[in-house]
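# Analysis of the macromolecular model
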Amino acid sequence: MSPYKNLEEYNLEITDEVRSRYSSIIDEIGEDVSREGLVKTPERAAKAMLFLTQGYKQDAVEILKGAMFKEDYDDMVIIKDIELYSLCEHHMLPFFGKAHIAYIPNGHIVGLSKIPRVVDVFARRLQVQERLTHDILECINETLQPKGVAVVIEASHMCMMMRGVQKQNSVTTTSGFRGQFEKIETRNEFLKLISSNLS
Ligand SMILES: [Zn+2]
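Residues numbered from 1 in each chain as written. Predicted model: local features only at pLDDT ≥ 70, side-chain atom pairs only at ≥ 80, totals over all residues. Heavy atoms only, no water.

### What to know about the coordination of the zinc ion
Threshold: Donor atoms are limited to N, O and S found within 2.8 Å of the metal ion, a distance that becomes 3.2 Å for Na, K and Ca. With water left out, some sites might look partial. Put simply, DSSP H or I for four residues or longer makes a helix, DSSP E for two residues or longer makes a strand, and each gets a number counted from the N terminus. Only protein chains enter the accessibility calculation, which uses a 1.4 Å probe. A residue is then buried if its area is under 20% of the maximum for its type, exposed if over 50%, and partly exposed in between.
Every protein donor of the zinc ion is accounted for by Cys88 (SG), His91 (ND1) and Cys159 (SG), and the metal-donor separations fall at 2.1 to 2.3 Å. Spacing between the donor residues of the zinc ion along their common chain follows C-x2-H-x67-C. In this pair, Cys88 sits in strand 2 (residues 77-88) while Cys159 sits in helix 7 (residues 158-161), placing the two residues 71 residues apart along the sequence. For Cys88, a relative accessible area of 5% translates into the label buried. The buried category is assigned to Cys159, whose relative accessible area is 9%.

### Observations concerning the sheet that holds strand 5 (residues 126-127)
Basically, it comes down to this: Pairing between two strands is assigned when DSSP locates at least 2 bridges connecting them. The contact criterion used is simple: two residues touch if any of their non-hydrogen atoms lie within 4.5 Å. Axis geometry follows a simple rule: fit a line to the C-alpha atoms, using only the stretch in contact for helices, then measure angles between N-to-C directions, giving values from 0 to 180 degrees.
On the basis of which strands lie adjacent, the open sheet formed by 5 strands has the order 5-2-3-6-7 and mixed pairing. Looking at the sheet topology across the chains shown, the edges are occupied by strand 5 and strand 7 (172-179). For strand 6 (residues 148-157) and strand 7, the ladder comprises 8 bridges, and the chain directions are antiparallel. When the bridges of strand 7 are listed, Ile153 appears paired with Thr174. Sheet contacts for helix 6 (residues 129-144): strand 2, strand 3 (94-104), strand 5, strand 6 and strand 7; angle to strand 6, the most-contacted strand, approximately 155 degrees.

### Concerning the UniProt feature "binding site: Zn(2+)" (unreviewed entry) in the protein
The following threshold applies: UniProt positions are given in the numbering used here, feature names are shortened, and annotations may be inferred rather than shown by experiment.
Mapped onto this structure's residue numbering, the UniProt feature "binding site: Zn(2+)" (unreviewed entry) falls at Cys88, His91 and Cys159. These annotated residues cover 72 residues of sequence, but their C-alpha atoms sit close together, with the largest distance between any two at 7.9 Å. Apart from residues no more than four positions distant in its own chain, Cys88 is found in contact with Leu93, Phe95, Gln127 and Cys159. In this view, Cys159 contacts Cys88, His91, Leu93, Pro94 and Gly164; residues no more than four positions away in its chain are not counted.

Okay, here's the thing in structure tokens:
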């Protein structure tokens, strides 16, 4: 399913409100909204913003529940290098990077493609990296009820890179651990596995 399919589903009234506000912003910063290159920009920007915040209308619990299967496998399942794009709630500028997620099943496994979708549901909102990490962690923990779950996110923040301190190469790392990952040996095994290059 193409993610752009969602564009057709945008609430026209909301899109139009957001469009007219972008139009004012462009005018306020000293641009000419009527010049050729900018004529459709408010509408495009409105649709982009609604796309990037569509997570408010999605239910991560339902996504996981729709693909849970009974299975005896009880070793660590790791999905690493999940691409992640979000918007910082302080500046509404992007932050982006990778999520690494692991869980230890407790009678149920989940379809592997659902974990990146859960990441998207929480990332496509106004976020801080710490809460994003926590939202993903708690959602998997409460829905799948595994023996343990671990989430590590490494991200670069445009609000730091383009403005303010301009630390262009800094990466922020956040992590959360539940259940068996609270034990140092299990946590270290996970951290070793996500930092090693398997390919
Ligand atoms: Zn920011």
